[in-house]
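Letter by letter, the chains look like this.
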Amino acid sequence: MNPVVCRISMPKSTCIERRVGEGVTAVVVPTGRFALTRTDVLAPLEGRLVRFKQPKRVLFVDELPRSAMGKVQKNLLRDRFAGLCD
């Protein structure tokens, strides 16, 4: 695991890719000490995860929405970023 990243959520995207079906979006909460780039997130996945399972998009946020039980509310993430696919 990349020690720079605090949390990553990868909800199934509502975007439909033209040729490959649904895409994966990584929603990343970086630590405050480091500037994190898309490459920093995707590089550790090369060779470990087949290409079609790797995120197509990487979005950076300050925090992930959580339920009262502490689970990431992926439905809220999908709703929040749904317009980016158009």
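What you see as residue numbers is a count from 1 along each chain, following the sequence as written. Given that this is a predicted model, residues contribute local features only at a pLDDT of at least 70 and side-chain atom pairs are listed and counted only at 80 or more, while totals for whole chains, interfaces and linings are drawn from all residues. Processing note: side-chain calculations cover all non-hydrogen atoms of the structure and skip hydrogens and water entirely.

K.L.:
Help me understand the overall build of the protein chain in this model?
P.N.:
For the purposes of this entry, the term helix denotes a DSSP run of H or I that reaches at least four residues, the term strand denotes a run of E that reaches at least two, and both are numbered from the N terminus. When its secondary structure is counted, the protein chain shows two helices and four strands. The N-to-C order of helical and strand elements in the protein chain reads β-β-β-α-β-α. Each residue is placed in one exposure class: buried if its accessible area under a 1.4 Å probe, protein chains only, is under 20% of its type's maximum, exposed if it is over 50%, and partly exposed if it falls in between. Split into buried and exposed, the 86 residues of the protein chain put 29% on the buried side. A contact between two residues is defined here by any heavy atoms of the two lying within 4.5 Å. Within the protein chain, contacts between residues separated by at least 24 positions form 54% of all contacts whose residues are at least 6 apart in sequence. Surface exposure of the protein chain reaches about 6,300 Å², of which carbon and sulfur atoms provide 53%. Accessible surface is estimated by sampling points in the Shrake-Rupley manner with a 1.4 Å probe; for residues, cover comes only from the protein chains shown.

K.L.:
Any chance you could explain the environment of R57 here in plain terms?
P.N.:
Relative to the helices and strands, R57 is located in strand β4 (residues 57–60). In protein, a polar contact requires one atom able to donate a hydrogen and another able to accept it; more generally it is a pair of N or O atoms within 3.5 Å, and residues adjacent in sequence count only if both atoms are side-chain atoms. Among the polar contacts listed, one links the side chain of R57 to the side chain of T25, at a separation of 3.1 Å.

K.L.:
Just to check I follow, could you spell out the confidence of the model for the protein chain for this structure?
P.N.:
Interpretation of this model should avoid reading the predicted coordinates in detail wherever pLDDT is low. When the pLDDT values of the protein chain are averaged, the result is 76; 70% of them are 70 or greater. Every residue carries a pLDDT, the predictor's confidence in it, which falls somewhere between 0 and 100. Mean pLDDT values over the elements of the protein chain span from 53, in strand β2 (residues 12–17), up to 88, in helix α1 (residues 38–42).

K.L.:
What's the story with the nonpolar core in this structure? I'm lost.
P.N.:
Side chains of a nonpolar character, in soluble globular proteins, are inclined to be buried together. Nine residue types can take part in a nonpolar core, namely buried Ala, Val, Leu, Ile, Met, Phe, Trp, Tyr and Cys, and a core is a set of them joined through side-chain atoms within 4.5 Å. Ranked by size, the top nonpolar core spans seven residues in total: V27, V29, L59, V61, L64, L77 and F81. Listing elements by their share of this core, those giving two or more residues are β3 (21–30) and α2 (74–81). Judged by nonpolar contacts, the second largest core, of six residues, contains V28, L36, V41 and V58.

K.L.:
Explain the pattern of salt bridges here, please?
P.N.:
Side chains that carry opposite charge are capable of pairing whenever their charged atoms lie near each other. Think of a salt bridge as a Lys or Arg side-chain nitrogen and an Asp or Glu carboxyl oxygen that are within 4 Å of each other. All chains considered together, the criterion is met by one salt bridge. With its nearest N and O atoms 3.0 Å apart, the salt bridge here joins E46 to R51. Using a relative accessible area of 45% as the deciding quantity, one classes E46 as partly exposed.

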